[in-house]
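Coordinate analysis (summary)
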Amino acid sequence: MNQHAKIDIRHSTCPHDCPSACALDIEVIDKSTIGRVRGSKAQTYTAGVVCAKVARYAERIHHPDRLMYPQFRVGPKGSGKFARISWDDALDEVAARFDQAEREFGSEAVWPYYYAGTMGLIMKDGINRLTHVKKYSRFYGTICSTIARVGFAAGTGRVSGVDPREMGVSDLVVIWGTNPVNTQVNVMTHASRARKERGAKIAAIDIYNNDTMKQADIKILLRPGTDGAFACGVMHVLFREGYADRDYLERYTDCPAELEAHLATRTPEWASAISGVPVAEIEAFARAVGQTKRTFFRLGYGFTRSRNGAAQMHAALCIPAVTGAWQHEGGGAFFNNYAIWKFDESVIEAHEAIDPSIRVLDQSKIGRILTGDAAALKGGPPVKAMLIQNTNPMTVAPEQALVRQGFARPDLFTVVHEQFMTETAQMADLVLPATMFMEHDDLYYGGGHQHISVGAKLIEPPGECRSNHEVFAGLARRLKAEHPGFEMSARELIDVTLKKSGRGSIEELQADKWRDLQPDFRTSHYLDGFAHADKKFHFKADWAHVPVGNAGMMGAWDQMPTLPDHWATIEEADEAHPFRLATSPSRSFLNTSFNETPSSQAREGAPSVMIHPLDAASLDIAEGDAVTLGNPRGETTLIAKLFEGVRRGVLIAESVHPNKTHIGGRGINMLTGAEAVAPVGGAAFHDNKVWVKKAVPAIPTP
């Protein structure tokens, strides 16, 4: 009597769009219920720590507002009026509408659209199998990592670096272009370990005094888009004061003498005028780096949000090559381990069915695509039907005015497979209920570390929720799309992918829980040469031939600086738009994931914008005032927060709040552009010029 039910501790991996991909220990209470979620101590990168969002995952997976059954629209688009429908009828309707679009406009009129709401290979990338077999318009994902990835590869020759756990044995950890307290908590785990055990210093380089910078010993506050200038000023000092490792430079780099000559005019005074960082701080940082052989540069995704981000990433990456930090344990640089996974996704994505003649549409240009922009459509037919999974473009995509206009088209058929009634789902013709990661099987890797893992199904999904893979298979049967992958279970797909990749079987990986794929020390530190053909680190970037699987050159790639420099291609403030705006990530939301959980909503509050008190005073803006931000793309209204931790002329709006929570219902991405960022595309979310004014109160209707 009164005996408590036994709680089973099961293992999984966090699937969300975060480089940490944390290893999890999950309390499974019964076949449909979980309890607490903890970071696994058994996995050396997670090291027992997870973010507060995921620790409270029971709040999300058992949320009363989860979608439970298929629904079809019965009111105007965007009205939120839906009625229940069976799965069979729903999938029949989707197949019929896709076939109709294909008959009338060709197969490219259908555009499956997805992103990283889950990072599991089966549930994220399996949609491409349907795309390739049916010859639908293909998808180029540009919202996140393309810009920074190409900048890193320009220097090293591939996207991988020092074991990120070596932060724990470093003497100086430089956290640059990322706010890990908000976004990658495990970076702080290892950096803090180095400070505790070795007396290491933590340096943070960012555009506002965020939660990471508040924990740092060295704080560098830049103007947005000026990292390259700061990096050049630092390297000038390193050469000038004898901190450049000339033996290392001669052996491992391509043109050290040319770089030194180039940097002769990139003085700290020059860098200070551009970046806003005082000369003394530039010189002090350079000396700290030059005097500390074990300096670890943890470079982040902030670089991938700026029009000059690839060049800035490359410039920052050049610093440890100048000092020779790569030679030492706890020294060198890391951004992402993209190059080490080598997963063969040919069955998941039906690679043999790829038709290179089928157009590839840019994710970031969805607004232009749906409103008939001929260039964005690559000269092809209009998009008439869409299947959307793992993303919420009605909130997160650039050029929101165009996105809204496009989704409102009466001739566009949209089916959204989702966990909650997002703002994109509200615009759909059909809404299908989706599983969460503990309710299906999937295969994961950690972009920010070196482990792969199977995330096994732990509990039964609620209501009529189905996985992405089940939806692909159900549609394939109706669309007569034939491929072995559609006939497999998710577990079978994981197994065949692992075996084709030389990673053993699913049973073997599950027995390991998490498998460490970190290359050996010499490989990780490039001690036998970098990954370019000449084995050198490239100070001189060849932007037209960066080895990262380019989808074609985009933007003003031919105007990019070859040697590290400040590239003034950012959206500079001007008289009409005197402020620079960045939409940085918050602590409690992850893009629009966790927007629905009460604890995240309570922490984040209403949408707000940080403004320097002197700037606010000049505009007669007080703390808590409603303010409107605008540029030629649109306007949004939110609450002013006076904040001294930004440079004058800079605004910070943390996170992507739902549009409906903004005053007037227009979200922050009304202000962001979708122009392709050089050299291979991307979206410049943190690179916007805007004007600011106190919002005019609405006049009540009599």
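Provided above is the structure to which this section pertains.
From a predicted model like this one, the values you see are computed outputs, not experimental measurements. (Residues numbered from 1 in each chain as written. Predicted model: local features only at pLDDT ≥ 70, side-chain atom pairs only at ≥ 80, totals over all residues. Heavy atoms only, no water.)

Okay, helix 13 (residues 279-290) next. Taking 1.5 Å of rise per residue, 12 residues should cover 16 Å, and helix 13 covers 16 Å from first to last C-alpha, within 8% of that figure. For helix 13, the full list of buried residues reads Ile282, Glu283, Phe285, Ala286, Val289 and Gly290. Seen end-on, helix 13 carries its buried residues on one side only, within an arc spanning 160 degrees. (Helix = DSSP H or I, 4+ residues; strand = E, 2+ residues; numbered from the N terminus. Expected span 1.5 Å × (residues − 1). Buried < 20%, exposed > 50% of the residue type's maximum accessible area, 1.4 Å probe, protein only. Arc of directions from axis to C-beta.)

Attention now goes to the sheet that holds strand 8 (residues 172-176). Strand order in the open sheet formed by 5 strands is 10-9-8-11-12, with parallel pairing between adjacent strands. The sheet is open, and its two edges are formed by strand 10 (218-221) and strand 12 (332-334), each paired on a single side. Each neighbouring strand pair of the sheet contributes to a mean axis angle of 15 degrees, computed without reference to strand direction. Sheet topology note: the strand 8/strand 9 (residues 201-206) ladder contains 5 bridges and is parallel. Looking at strand 9, one finds that leucine 172 is bridged to lysine 201. Its contacts with the sheet place helix 13 against strand 8, strand 9, strand 10 and strand 11 (295-299), and it is angled at close to 135 degrees to strand 10. (Pairing = 2+ DSSP bridges. Axes fitted to C-alpha atoms, helices over the stretch in contact; angles between N-to-C directions. Contact = heavy atoms within 4.5 Å.)

Below, the discussion takes up the layout of surface pockets. Its volume calculated, the second largest pocket comes out at about 360 Å³. Forming the walls of the second largest pocket are 19 residues, and the residues nearest its centre are Asp211, Glu604, Met610, Lys641 and Glu654. When residues of the lining of the second largest pocket are traced back to their parent elements, those giving at least two are helix 24 (598-604), strand 21 (608-611) and strand 23 (634-642). For the lining of the second largest pocket, the element with the highest residue contribution is strand 21, accounting for 3 residues. Among the residues making up the lining of the second largest pocket, the classes are represented as 8 nonpolar, 4 polar and 7 charged. (1 Å grid on protein atoms, 1.4 Å probe; cavity = no way out; pocket = protein on both sides within 12 Å on 5 of 7 lines; lining within 4 Å. Points joined across faces, edges and corners; volume = space filled by probe spheres on them. Nonpolar A, V, L, I, M, F, W, Y, C, P; charged D, E, K, R; others polar.)

Within soluble globular proteins, side chains that are nonpolar tend to cluster in buried spots. Residues Phe98, Trp176, Phe230, Trp326, Met386, Phe407 and Phe539 are the most contacted members of the largest nonpolar core, which totals 149 residues. The biggest single contributor to this core is helix 14 (residues 309-323), with 10 residues. Counting residues in each nonpolar core, the second largest holds 20 residues, with Val28, Ile34, Phe437 and Phe594 among its members. (Core = buried A, V, L, I, M, F, W, Y, C linked by side-chain atoms within 4.5 Å.)

What follows is about the pattern of salt bridges. This model, assessed by the stated rule, comprises 46 salt bridges. Taking the shortest distance from any N to any O, the salt bridge between aspartate 411 and arginine 409 comes out at 2.9 Å. Among the ionic contacts, a cluster of salt bridges with common partners joins Arg307, Arg368, Glu399, Glu571, Arg580, Arg633, Glu675 and Asp687. (Salt bridge = Lys/Arg side-chain N within 4 Å of Asp/Glu carboxyl O.)

What follows is about the side chain of aspartate 163. Along the polypeptide, aspartate 163 turns up in the loop between helix 6 (146-156) and strand 8. Owing to a relative accessible area of 12%, aspartate 163 belongs among the buried residues under this scheme.

It is worth spelling out the environment of histidine 328 at this point. For histidine 328, the location among the structural elements is in the loop between helix 14 and strand 12. Histidine 328 gets classed as partly exposed once you look at its relative accessible area, which sits at 26%. Through-space distance from the C-alpha of histidine 328 to that of histidine 538 is 19 Å; in sequence the pair is 210 residues apart. Among residues more than four places away in sequence, those in contact with histidine 328 are Glu166, Lys293, Arg294, Phe521 and His525.

This brings us to empty space enclosed by the protein. For the structure on display, the rule yields 2 cavities of 30 Å³ or more. In this structure, the largest cavity encloses a volume near 40 Å³. Elements represented by at least two residues in the lining of the largest cavity include exactly strand 17 (442-445) and strand 18 (451-455). Here the residues of the lining of the largest cavity are counted per class, giving 5 nonpolar, 6 polar and no charged. If you add up the space inside the second largest cavity, you get close to 30 Å³. Contributing to the lining of the second largest cavity are Pro607, Ser608, Leu638, Ala653, Glu654, Ser655, His657, His662 and Ile668. Each residue belonging to the lining of the second largest cavity can be placed in one class, and the counts come to 4 nonpolar, 4 polar and 1 charged.

We now examine the environment of lysine 77. Locating lysine 77 in the fold gives a position in the loop between strand 4 (71-73) and strand 5 (82-84). In this structure lysine 77 comes out as buried when scored by relative accessible area, which is 18%. For lysine 77, the contacting residues outside a window of four places in its chain are Phe407, Ala408, Arg409, Leu412, Gln426, Met427 and Asp429. A distance of 2.9 Å separates a polar atom in the side chain of lysine 77 from the backbone oxygen of arginine 409. (Polar contact = N/O pair within 3.5 Å; in protein donor to acceptor, adjacent residues only side chain to side chain.)

Time to look at the state of the cysteines. Scanning the entire structure with this criterion turns up 0 disulfides. Lacking any disulfide linkage, cysteine 18 is separated from the closest cysteine sulfur, that of cysteine 22, by 6.1 Å. (Disulfide = S-S within 2.5 Å.)

Turning next to the sheet that holds strand 18. Taken in spatial order, the 3 strands of this open sheet run 17-18-19, and their pairing is antiparallel. Taken across any chain shown, the strands that pair with only one partner, and hence form the sheet edges, are strand 17 and strand 19 (514-516). When the angles between neighbouring strand axes are averaged without regard to direction, this sheet yields 15 degrees. Pairing geometry for strand 17 and strand 18, over 4 bridges, is antiparallel. Across the sheet, residue tyrosine 444 finds its bridge partner in strand 18, namely serine 453.

Assignment of secondary structure puts serine 584 in the loop between strand 20 (579-582) and helix 24. Excluding its chain neighbours within four sequence positions, the residues that come into contact with serine 584 are Ile207, Tyr208, Ile652, Ala653, Glu654, Ser655 and His686.

Let us look at a nonpolar patch on the surface. A surface patch of nonpolar side chains, about 230 Å² in accessible area, is lined by Ile7, Ile9 and Ile29. Along the chain, isoleucine 29 turns up in strand 2 (residues 23-30). (Patch = residues over 30% accessible without salt bridge, like charges linked within 9 Å, V, L, I, M, F, W, Y side chains within 5 Å. Areas by Shrake-Rupley, 256 points an atom, 1.4 Å probe, with all protein chains shown as cover.)

Taken as a whole and judged by the stated rule, the model has 21 aromatic pairs. Arranged with centres 6.3 Å apart and planes meeting at 35 degrees, the rings of phenylalanine 152 and phenylalanine 335 form a pair that is tilted. Pair noted here: phenylalanine 152 is in helix 6 and phenylalanine 335 is in the loop between strand 12 and helix 15 (346-349), with a separation of 183 residues, a long-range link. The same class applies to phenylalanine 152 as to phenylalanine 335, namely buried. In this structure an aromatic cluster arises from ring pairing among Trp326, Tyr526, Phe530, Phe537 and Phe539. Here arginine 60 stacks its cationic end above the ring of phenylalanine 594, 5.4 Å away from the centre of that ring. Between arginine 84 and the ring centre of tyrosine 69, over which it is positioned, the NZ or CZ distance is 4.2 Å. (Phe/Tyr/Trp six-rings, centres within 6.5 Å; stacked < 30°, edge-to-face > 60°. Lys NZ or Arg CZ within 6 Å of the ring centre and 35° of its normal.)

Turning to the pairing of strand 22 (residues 626-631), a few remarks are in order. Consecutive side chains of a regular strand alternate in pointing toward one face of the sheet and then the other. Taken across its 6 residues, strand 22 has 5 buried, putting it largely inside the fold. Note: strand 22 against strand 23, 6 bridges, orientation antiparallel. Within strand 23, the residue paired with glycine 630 across the bridge is glutamate 635. A loop of 2 residues connects strand 22 with strand 23, the two strands running antiparallel in sequence. Note that strand 22 and strand 25 (residues 688-694) share 4 bridges and pair antiparallel. Within strand 25, the position partnered with valine 627 by the bridge is lysine 694.

The values are spatial; any link to function lies outside them.
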